[in-house]
Amino acid sequence: MDHKALTLEMRTLREQVTGITDTALTAADGLLIAADTADTIDPEALAALAAAGLGLARRTAAATDRGTLRQTVTYGSHGCAATYAVGDTALMVVLGDEGMDVDRLHLAARPTLDRIESILTEKASEGV
Amino acid sequence: MSGIRDSRGRAGHDLLVRALATCGREEFTGGLRVSGRPGGTFHLRRGLVVAVESPGAPGPEALLLRSGRIGGEQWADLVRESGGTRWPLDGLIAHGYAGAAQLRIVCVLALHDAAFAVVAGDVDDCELAPDERPFAPVALGEPSVRLLQDAARKAAAIAALPYPVRPDRERPRPPAQVLDEAGLGLLQRELLGQVDGRRTARDLAFRTGRAVYTVTAEVARMLAEGLLECADTPVPIAVRLPPDAPVVRRREPEPAAPQFTAPTALPRRNPGASGITETLVPEKSGAGWKGFFRMRNGTPK
């Protein structure tokens, strides 16, 4: 796995979409892979919560016949948290303040997620 | 402004000036979407600008909520009361959170601040959106020429400072040496408490519930006075997994579910197959029900 490429993708997304405050990449079981978060946020807790939330949303989508889950977004009065699946066993959580354009985030996040998935699967596809 | 704006930036700015001038001449009503970074939407009524919304500047809602004038739960209650509107003006006044004049000022400040954010950023394109409606318009619209001149003047003022910054570029942090905060102003102390090497002036404006122009100017002054620093390299992101660890597998198509084949005939029931009849049959020894009745009626003579 190319650590440098991975962190560059996370940082570029934050630079690209105005209002992104933090990003974290985590395995589906809640194990933190990488965090670009402020000191006020516990990245381990964020990873666990995001993994649990996405798992629940995926099962809800399946149980209600809503098709493949795209993302979950939690809105608060001071911003929102969007969680995206990366392949089957990882996910990315993006935090933004109330100024962030969520539609723009979704558009910008898709190619980033595809590239992150490729980076994370590099070694696995080599037979490890 | 000219000091930090390249030719692409000037071209984008000229595009915005022309688009808004056309809207003014044609007395256009609707939205003018500005794509770029941060971009935004100018809302016009009969050619005058009545609201500007941009991800680059806190809107009226963020200014009220982040400044602590109203809490998140109270805001949610007001939105519910007002039938789901994004700007519960009547409720804010009726519950005494702010006066009508204060709210008018908040809307005017937010309009000018968002226009500054759009002008100080990069403009890629402008597109008319006739159906767009603002959620917190001002009663008296502004001519676009005056609005853009005001925004450009503010951007030029910041560019002329000894340490010019752009609202969404520099990410200052506290200085290495400990500062004596006694001589600092309220805004300076507030900003010192929020800077972390990750947040831009725009991010700090949202966190403190203040105008992005005010915060950008103050950040520029504090950088010039050594009250803040800008790191040459961003804070590194730690990756927790070893380089050779496989993390994800690609989504494989789910295997087809086993085909259900309906039986051609109904299943046949065999009497006694469940064994229930053996359980209920009285015991052959005679010590079953007969013995029970003997016990109830006394011993037979």
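Residues numbered from 1 in each chain as written. Chains lettered and ligands numbered in written order. Predicted model: local features only at pLDDT ≥ 70, side-chain atom pairs only at ≥ 80, totals over all residues. Heavy atoms only, no water.

Visitor: What exactly am I supposed to notice about the pairing of strand 1 (residues 30-37) of chain B here?
Guide: Moving residue by residue along a regular strand, the side chains alternate between the two faces of the sheet. Residues and elements named next belong to chain B. Taken across its eight residues, strand 1 has six buried, putting it largely inside the fold. Of the strand pairs in this sheet, strand 1 and strand 4 (residues 122-129) are connected by seven bridges, and their pairing is antiparallel. Looking across to strand 4, one finds that Arg 33 is bridged to Glu 127. (Buried < 20%, exposed > 50% of the residue type's maximum accessible area, 1.4 Å probe, protein only. Helix = DSSP H or I, 4+ residues; strand = E, 2+ residues; numbered from the N terminus. Pairing = 2+ DSSP bridges.)

Visitor: Explain the confidence of the model for chain A to me, please; I cannot follow it from the model alone.
Guide: Do not read the predicted coordinates in detail wherever pLDDT is low. Overall, the predicted model of chain A reaches an average pLDDT of 92, with 95% of residues at or above 70. Across chain A, the secondary-structure element scoring lowest on mean pLDDT is helix 3 (residues 102-125) of chain A, at 89, and the one scoring highest is strand 5 (residues 90-96) of chain A, at 97. (pLDDT = per-residue confidence, 0-100.)

Visitor: How should the packing of helix 5 (residues 100-120) of chain B against helix 9 (residues 212-224) of chain B be read in this particular structure?
Guide: Packed helices, taken two at a time, are described by the angle between their axes plus the distance between the axes. All names here are of chain B. Packing of helix 5 against helix 9 leaves a shortest axis separation of 8 Å and a crossing angle of 55°. Taken together, the axis directions place helix 5 and helix 9 in an arrangement best described as oblique. Mapping the contact onto sequence places Asp 113, Phe 116 and Ala 117 in helix 5 and Val 212, Tyr 213 and Thr 216 in helix 9. The class makeup of the residues in the contact of helix 5 with helix 9 is four nonpolar, one polar and one charged. (Axes fitted to C-alpha atoms, helices over the stretch in contact; angles between N-to-C directions. Parallel < 35°, antiparallel > 145°, perpendicular 65-115°, else oblique. Contact = heavy atoms within 4.5 Å. Nonpolar A, V, L, I, M, F, W, Y, C, P; charged D, E, K, R; others polar.)

Visitor: Would you mind showing me how to read helix 8 (residues 201-208) of chain B here?
Guide: Spacing of three or four residues puts side chains on the same side of an α-helix, whose turn is 3.6 residues. Residues and elements named next belong to chain B. Within helix 8, seven of the eight residues are buried, which leaves the element mostly enclosed by the surrounding structure. Buried residues of helix 8: Ala 201, Arg 202, Asp 203, Leu 204, Ala 205, Phe 206 and Thr 208, and no others. Looking at the buried residues of helix 8, the elements they touch are helix 2 (60-66), helix 7 (186-194) and helix 9. Two residues or fewer past helix 8, Gly 209 is found with a positive phi of approximately 70°.

Visitor: For this particular structure, what's the right way to read the packing of helix 7 of chain B against helix 9 of chain B?
Guide: Residues and elements named next belong to chain B. Orientation of helix 7 relative to helix 9, taken along the N-to-C sense of each, is 85°, at an axis distance of 11 Å. On the basis of their axis angle, the class for helix 7 and helix 9 is roughly perpendicular. Contact with helix 7, carried on its side by Leu 187, Gln 188, Leu 191 and Leu 192, involves Thr 214, Val 215, Glu 218, Val 219 and Met 222 of helix 9 and no other residues of that element. The residue makeup of the contact of helix 7 with helix 9, split by class, is six nonpolar, two polar and one charged.

Visitor: Just to check I follow, could you spell out unusual backbone geometry for this structure?
Guide: Note: most residues except glycine have negative phi, and most peptide bonds are trans. Cis geometry is found at the peptide bond from Arg 37 of chain B to Pro 38 of chain B, where omega equals 5°. If you check the backbone angles, Asp 65 of chain A has positive phi at about 60° while not being a glycine. You can see Asp 65 of chain A is positioned in the loop between helix 2 (43-63) and strand 3 (71-76).

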